[in-house]
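Here are the chains, one letter per residue:
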Amino acid sequence: MEDGDLAIVDVDLHAFQVVASKRLLATAVVRIEIDGVEMLVHGLRLVERQGRAEIEFPRYRDEGGQWREALSLPAELIPPIRTLIADEAEARGLVEQVR
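The shown structure was predicted, so the numbers you read here are calculated from the model rather than taken from an experiment.

### A word on the overall build of the protein
- Secondary structure assignment for the protein yields 1 helix and 6 strands.
- Taken from the N to the C terminus, the helices and strands of the protein come in the order β-β-β-β-β-β-α.
- Each principal axis of the C-alpha atoms in the protein carries an extent, and together these give about 50 × 40 × 20 Å.
- Across the 99 residues of the protein, 29% fall into the buried class.
- Here the protein displays about 6800 Å² of accessible surface, and carbon together with sulfur accounts for 49% of that area.
- Here the protein contributes 12 positive and 19 negative side-chain charges, whose respective centroids are spaced 14 Å apart.

Spelled out as structure tokens, the structure:
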């Protein structure tokens with residue numbers, strides 16, 4: 001791809017699993033396709049925090065015990081991923097609104 005070229009990007013919900021847990025409400029897998037190259041992002045979580053539902057992206061603990069992002073996604077992909085998970089959670093009646 002040359003500088004200035006645009007890439008065709010498609011994002012959709014690949015899997016959504018309701019979890020019967022105190023804090024964890026569901027897990028999700030999102031499919032991202034960029035110019036025909038497909039990848040799956042596992043480890044997305046819908047959690048309840050202080051009475052509100054939030055979407056957490058995959059993360060891990062580093063050698064110092066600090067939480068770090070497991071995947072650095074372009075900022076343009078974050079809102080559509082959040083929307084896909086929030087819409088599914090709301091459609092299944094898990095939550096009224098996700099922040």
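### Side note on the environment of Glu-88
- Of note, Glu-88 is situated in helix 1 (residues 78–91).
- Counting along the chain gives 72 residues from Glu-88 to Phe-16, while the straight-line C-alpha distance between them is 7.8 Å.

### Quick look at unusual backbone geometry
- Residues other than glycine seldom take positive phi values, yet Asp-35 does so here, at roughly 45 degrees.
- Its place among the elements puts Asp-35 in the loop between strand 2 (24–34) and strand 3 (37–49).
- You can call Asp-35 partly exposed: its relative accessible area is 41%.
- The backbone of Gln-50 sits at a positive phi, close to 55 degrees, despite the residue not being glycine.
- Residue placement: Gln-50 occurs in the loop between strand 3 and strand 4 (52–56).

### Quick look at the side chain of Glu-56
- If you trace the backbone, Glu-56 turns up in strand 4.
- Glu-56 sits in the buried class, given a relative accessible area of 9%.
- Polar contacts involving the side chain of Glu-56 include one to the side chain of Arg-23, which spans 3.2 Å.
- Side-chain polar atoms of Glu-56 contact the side chain of Arg-49, separated by 2.4 Å.
- The residues contacting Glu-56, other than those within four sequence positions of it, are Arg-23, Gly-43, Leu-44, Arg-45, Val-47 and Arg-49.

### Things to note about the nonpolar core
- Judged by nonpolar contacts, the single largest core of 21 residues is most densely connected at Ile-32, Leu-44, Leu-46, Ile-81 and Ile-85.
- Once you skip the residues sitting within four places of it in the chain, Ile-81 turns out to touch Val-11, Val-30, Ile-32, Leu-44, Phe-57 and Leu-73.

Each value, and the rule that gives it
Residues numbered from 1 in each chain as written. Predicted model: local features only at pLDDT ≥ 70, side-chain atom pairs only at ≥ 80, totals over all residues. Heavy atoms only, no water. Helix = DSSP H or I, 4+ residues; strand = E, 2+ residues; numbered from the N terminus. Buried < 20%, exposed > 50% of the residue type's maximum accessible area, 1.4 Å probe, protein only. Areas by Shrake-Rupley, 256 points an atom, 1.4 Å probe, with all protein chains shown as cover. Lys, Arg positive; Asp, Glu negative; His and termini not counted. Charge placed at Lys NZ, Arg CZ, Asp CG, Glu CD. Polar contact = N/O pair within 3.5 Å; in protein donor to acceptor, adjacent residues only side chain to side chain. Contact = heavy atoms within 4.5 Å. Core = buried A, V, L, I, M, F, W, Y, C linked by side-chain atoms within 4.5 Å.

None of this, on its own, says anything about what the molecule does.
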